[in-house]
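Coordinates in review
What follows is the residue order along each chain.
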Amino acid sequence: MSNNTSSYENASQNRLRRNLAAEIIALMRKRGCAPGYHIVENEICQHFGVSRTPVRAAMGLLAQSGVVEHRANRGFVLAALPERNLSEVSETDEAEADNALFVDIAQAHLAGSLPRECTQQELVRLFDVRLPVVVRVLRQLSDLGLVERKRGNGWSFLVSIDSTQTERESYRFRSVIEPALLREPGFALPPSWIENMRAEHGAFAKLTWRETLAVEFYEMNARFHIGLAKSSGNHYFFQAMEQQNRLRRFLNYGWVFGIERVHQSIHEHMAILDALALGDNNRAALLMELHLDEAREAPPKSK
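Opposite charge on two side chains lets them pair, provided their charged atoms get close. Under the defined criterion, the tally for this structure stands at 14 salt bridges. Arg-56 is the salt-bridge partner of Glu-41, the closest N and O atoms lying 3.1 Å from each other. Here Glu-41 is found in helix α2 (residues 41-48), whereas its partner Arg-56 is found in helix α3 (residues 52-64), with 15 residues between them in sequence. By relative accessible area, Glu-41 is classed as partly exposed at 22%.

Next comes the structure, spelled out in structure tokens:
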């Protein structure tokens, strides 16, 4: 992985640690374990299909919370089960784990460290995640047309994701749906969201640009577009933009358009926000169409 991804790698590791700690608690409760029960590290690794590193991190979190105790020459023993898990493994946790792996795969692809063909188990080992997460993310990538299943148990990343064609098709699709969602009869945007977006964009525009800000810029950009889709009140628009954001996340973490395009994009977003604040959704829709056209045609920064 590139150095640009260290914060996202740390976030992914933290999520894995929290989720695994919750699952260990659930396992202890299911087995009816009492205080003093010896927790065998190898058994936990085998049960959840993970390596020693995340298990030790999860046990460290449980020790900090007083759920387990570390005893010399014996390892960890159960101290007291909480009434509830530290963090229930919910659909939200599942989505966070999926998103973390999706980002990691995108970054590895961008860095050229991801094999074009690999098996699910190879991805489990490469990213140190559990198999169910890999299966879900591969399904997402398949739905986006970025991977396909090989005969047997392998997966292949498609050549098309290395060209500009996929991205251009995405922009053309978005040029149809994003102006339209702003004209939806049920469109309702909280004023506080507009102010928060203005503040976030304004603060970002003042930063001294460095290449490592590419990920942060993309995430702010994605929050802007998905927030508008959510406010449309139309589930289908929101679902389509979620899919597009996943595709953009995979393709756009390498920013090659320079600081000028960053500032232009922020300016265009601000103009759309101004129109929406005035209740002029038709103007906002026209500005959105121009914004997407500009983004699609933006030339890469010269080296």
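What follows deals with unusual backbone geometry. With a phi close to 55°, Asp-128 is a non-glycine residue in the positive phi region. Residue placement: Asp-128 occurs in the loop between α5 (120-127) and α6 (131-143). A relative accessible area of 26% places Asp-128 in the partly exposed class.

With that settled, the discussion passes to the packing of helix α11 (residues 258-277) against helix α12 (residues 281-297). Axes are the key here: two packed helices are described by the angle between their axes and the distance separating the axes. Contact geometry of α11 with α12 gives a least axis separation of 8 Å together with a crossing angle of 165°. For the element pair α11 / α12, the angle class is roughly antiparallel. The way α11 lies across α12 gives a crossing that is left-handed. Side by side, α11 and α12 meet where Arg-261, Gln-264, Ser-265, Glu-268, His-269, Ala-271, Ile-272, Ala-275 and Leu-276 of the first sit next to Asn-281, Arg-283, Ala-284, Leu-287, Met-288, His-291, Glu-294 and Ala-295 of the second. Counted by class, the contact of α11 with α12 contains eight nonpolar, five polar and four charged residues.

Our focus in this paragraph is the sheet that holds strand β4 (residues 117-119). Strands belonging to one sheet form pairs held by backbone hydrogen bonds; the direction of such a pair is parallel or antiparallel. Reading across from one edge, β4-β6-β5 is the order of the three strands in this open sheet, with antiparallel pairing throughout. Both edges of this open sheet fall to β4 and β5 (147-149), since each of them pairs with a single strand only. Each neighbouring strand pair of the sheet contributes to a mean axis angle of 30°, computed without reference to strand direction. Alignment of β5 against strand β6 (residues 154-157), held across three bridges, turns out to be antiparallel. If you follow Arg-149 over to β6, its bridge partner there is Trp-155.

Thresholds, definitions, all that
Residues numbered from 1 in each chain as written. Predicted model: local features only at pLDDT ≥ 70, side-chain atom pairs only at ≥ 80, totals over all residues. Heavy atoms only, no water. Salt bridge = Lys/Arg side-chain N within 4 Å of Asp/Glu carboxyl O. Helix = DSSP H or I, 4+ residues; strand = E, 2+ residues; numbered from the N terminus. Buried < 20%, exposed > 50% of the residue type's maximum accessible area, 1.4 Å probe, protein only. Axes fitted to C-alpha atoms, helices over the stretch in contact; angles between N-to-C directions. Parallel < 35°, antiparallel > 145°, perpendicular 65-115°, else oblique. Left-handed = near helix turned anticlockwise from the far one by under 90°. Contact = heavy atoms within 4.5 Å. Nonpolar A, V, L, I, M, F, W, Y, C, P; charged D, E, K, R; others polar. Pairing = 2+ DSSP bridges.

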